[in-house]
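Architecture and fold: a report
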Amino acid sequence: MSHHDERTFVMVKPDGVQRGLIGDIVARFEDRGLKMVGGKFMQIDEELAHEHYGEHEGKPFFDGLVDFITSGPVFAMVWEGADATRQVRQMMGETDPAESAPGTIRGDLGLDLGQNVIHGSDHEDEGANEREIELFFDEDELVEWDQTDAVWVYEDEDH
Ligand code: IDP
Ligand code: MG
């Protein structure tokens, strides 16, 4: 594979699902030129929530965060592309939607820190993307495929 193959974990949170924002959010990543290699509509249980948000255990917002993320279905995804983890984080905006620039997902679609529509692996936490992909997806749930328009996204792909 090429240097366009970095994978990152992304999830539309229960508020985004309830508000019908899955399509909007998927479209943004497709439009950017990223490639979806995994997608799963699912309910997160307490155990998975604790594992996924383990770094925040003990913080004052942790119990509320677990309640929220288990409160309804999520749409978990794996997206692949050049510098995918950092690019997705840039597209998401800041953790607090109120501090997020218009044009970003949280800046366009949210107003409240506790219900900020989307999760994406932290690009500053080395290996977080691989850990989160493994936590949510089995290897055989990820699909390798040729994105035929990649030649029009990446200059160094062969025409
Ligand atoms: P991130 O989602 O931008 O990576 P993190 O700091 O990893 O932000 O926090 C995980 C999630 O926990 C956030 O997306 C948000 O939903 C929630 N959260 C973070 N900080 C607070 C807070 O101070 N109050 C309430 N919820 C918070
Ligand atoms: Mg985080």
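If you check an unreviewed UniProt entry, the chain appears there as Nucleoside diphosphate kinase from Halogranum rubrum. The UniProt entry for the chain carries this comment under Cofactor (unreviewed entry): "Mg(2+)".

**Regarding the UniProt feature "binding site: ATP" (unreviewed entry) in the chain**
Summarizing the sequence annotation, UniProt attributes the feature "binding site: ATP" (unreviewed entry) to K13, F61, R89, T95, R106 and N116 in the numbering used throughout. Lining the largest pocket, from this annotated set, are K13, F61, R89, T95, R106 and N116. With respect to the helices, strands and loops of the structure, R89 is situated in helix α5 (residues 84-92). Sequence-distant contacts of R89, defined by excluding residues within four places in its chain, comprise T95, G120, S121, D122 and H123. Within the secondary structure layout, T95 lies in the loop between α5 and α6 (105-109). Assessed through its relative accessible area of 41%, T95 is described here as partly exposed.

**A word on the site of ligand 1**
Ligand 1 sits among K13, Y53, H56, F61, L65, R89, T95, R106, L113 and N116. Here an oxygen atom of ligand 1 and a side-chain polar atom of R89 are 2.8 Å apart. Between ligand 1 and N116, the relevant distance is 2.8 Å, taken from an oxygen atom to a side-chain nitrogen or oxygen of the residue. Considered on its own, ligand 1 offers 530 Å² of accessible surface; in the complex 76% of this is hidden by protein. At a threshold of 2 Å from the grid points, most atoms of ligand 1 map onto the largest pocket. Of the residues that constitute the shell around ligand 1, the class distribution is four nonpolar, three polar and three charged.

**Here's the deal with the pattern of salt bridges**
Per the stated rule, a full pass over the model turns up seven salt bridges. The partner of E80 in a salt bridge is R7, with the nearest N and O atoms 2.7 Å apart. A residue pair is termed long-range when its members are at least 10 positions apart, and E80 in strand β3 (residues 74-80) and R7 in strand β1 (residues 7-12) qualify at 73 residues. The residues E80 and R7 share a single accessibility class, namely buried. K40 serves as the salt-bridge partner of E141, at 3.0 Å between the closest nitrogen and oxygen. Here K40 lies in strand β2 (residues 35-42) and E141 lies in the segment after α7 (128-136), a separation of 101 residues in the sequence. Here the residues in one salt-bridge network are R7, K35 and E80, joined through shared partners.

Definitions and limits used
- Residues numbered from 1 in each chain as written.
- Chains lettered and ligands numbered in written order.
- Predicted model: local features only at pLDDT ≥ 70, side-chain atom pairs only at ≥ 80, totals over all residues.
- Heavy atoms only, no water.
- UniProt positions renumbered as here; feature names shortened; annotations may be inferred.
- 1 Å grid on protein atoms, 1.4 Å probe; cavity = no way out; pocket = protein on both sides within 12 Å on 5 of 7 lines; lining within 4 Å.
- Helix = DSSP H or I, 4+ residues; strand = E, 2+ residues; numbered from the N terminus.
- Contact = heavy atoms within 4.5 Å.
- Buried < 20%, exposed > 50% of the residue type's maximum accessible area, 1.4 Å probe, protein only.
- Near = heavy atom within 4 Å.
- Polar contact = N/O pair within 3.5 Å; in protein donor to acceptor, adjacent residues only side chain to side chain.
- Areas by Shrake-Rupley, 256 points an atom, 1.4 Å probe, with all protein chains shown as cover.
- Sits in = over half its atoms within 2 Å of the grid points.
- Nonpolar A, V, L, I, M, F, W, Y, C, P; charged D, E, K, R; others polar.
- Salt bridge = Lys/Arg side-chain N within 4 Å of Asp/Glu carboxyl O.

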